[in-house]
Amino acid sequence: MQINKTIENDKLTVALEGRLDTLTAPQLDAEIQGKLDGVKSLVFDFKKLDYISSAGLRILLMAQKVMNKQGTMVVKNASSEIKEIFEVTGFCDILTIE
């Protein structure tokens with residue numbers, strides 16, 4: 001999986017490419033864990049993300065809990081397959097998906 005981070009003022013965009021699963025979730029966790037201080041807007045761009053597993057969902061949930069206290073979090077450009085995973089797991093009720 002490839003992670004591209006872009007920071008503009010207090011907005012952090014994290015673009016993911018490939019698969020977010022048990023093997024790659026720790027990589028994303030390391031990229032954002034403790035690095036959201038001062039971030040008011042967190043955007044996950046899933047345009048090039050092919051798959052997300054429960055390990056990836058856990059990372060999103062953790063990030064959402066942090067952002068609930070200090071700003072907003074949005075998931076953009078999710079494929080229909082990933083949106084379906086969000087619906088089945090109930091994450092569509094927890095996350096803001098555009």
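I will try to describe carefully the structure that is included in this document. (Residues numbered from 1 in each chain as written. Predicted model: local features only at pLDDT ≥ 70, side-chain atom pairs only at ≥ 80, totals over all residues. Heavy atoms only, no water.)

Helices and strands together make up the secondary structure of the chain, namely three helices and five strands. Beginning at the N terminus, the succession of helices and strands in the chain can be written as β-β-α-β-α-β-α-β. Its C-alpha radius of gyration of 12 Å places the chain within 12% of the 13 Å reference for a compact globule of 98 residues. Along the three orthogonal principal directions, the C-alpha set of the chain runs to about 30 × 25 × 20 Å. Counting only carbon and sulfur atoms, one obtains 47% of the accessible surface of the chain, whose full area is about 5600 Å². Side-chain charges in the chain split into 12 positive and 14 negative, and the spacing between the mean points of these groups amounts to 5 Å. (Helix = DSSP H or I, 4+ residues; strand = E, 2+ residues; numbered from the N terminus. Rg over C-alpha atoms; globule rule 2.2 N^0.38 Å. Areas by Shrake-Rupley, 256 points an atom, 1.4 Å probe, with all protein chains shown as cover. Lys, Arg positive; Asp, Glu negative; His and termini not counted. Charge placed at Lys NZ, Arg CZ, Asp CG, Glu CD.)

For the structure shown, the criterion picks out three salt bridges. Ionic pairing is found between Glu31 and Lys5, a salt bridge with its closest N-O pair at 3.1 Å. Here the residue Glu31 occupies a position in helix 1 (residues 25-32), and Lys5 occupies one in strand 1 (residues 2-8), the gap between them amounting to 26 residues. Glu31 gets classed as partly exposed once you look at its relative accessible area, which sits at 29%. Judged by relative accessible area, Lys5 falls into the partly exposed class, the value being 37%. (Salt bridge = Lys/Arg side-chain N within 4 Å of Asp/Glu carboxyl O. Buried < 20%, exposed > 50% of the residue type's maximum accessible area, 1.4 Å probe, protein only.)

Mapped onto the secondary structure, Ser53 falls in the loop between strand 3 (41-52) and helix 2 (54-70). Note on Ser53: relative accessible area 9%, which makes it buried. Setting aside residues no more than four positions away along its own chain, Ser53 makes contact with Leu20, Asp21 and Thr22. (Contact = heavy atoms within 4.5 Å.)

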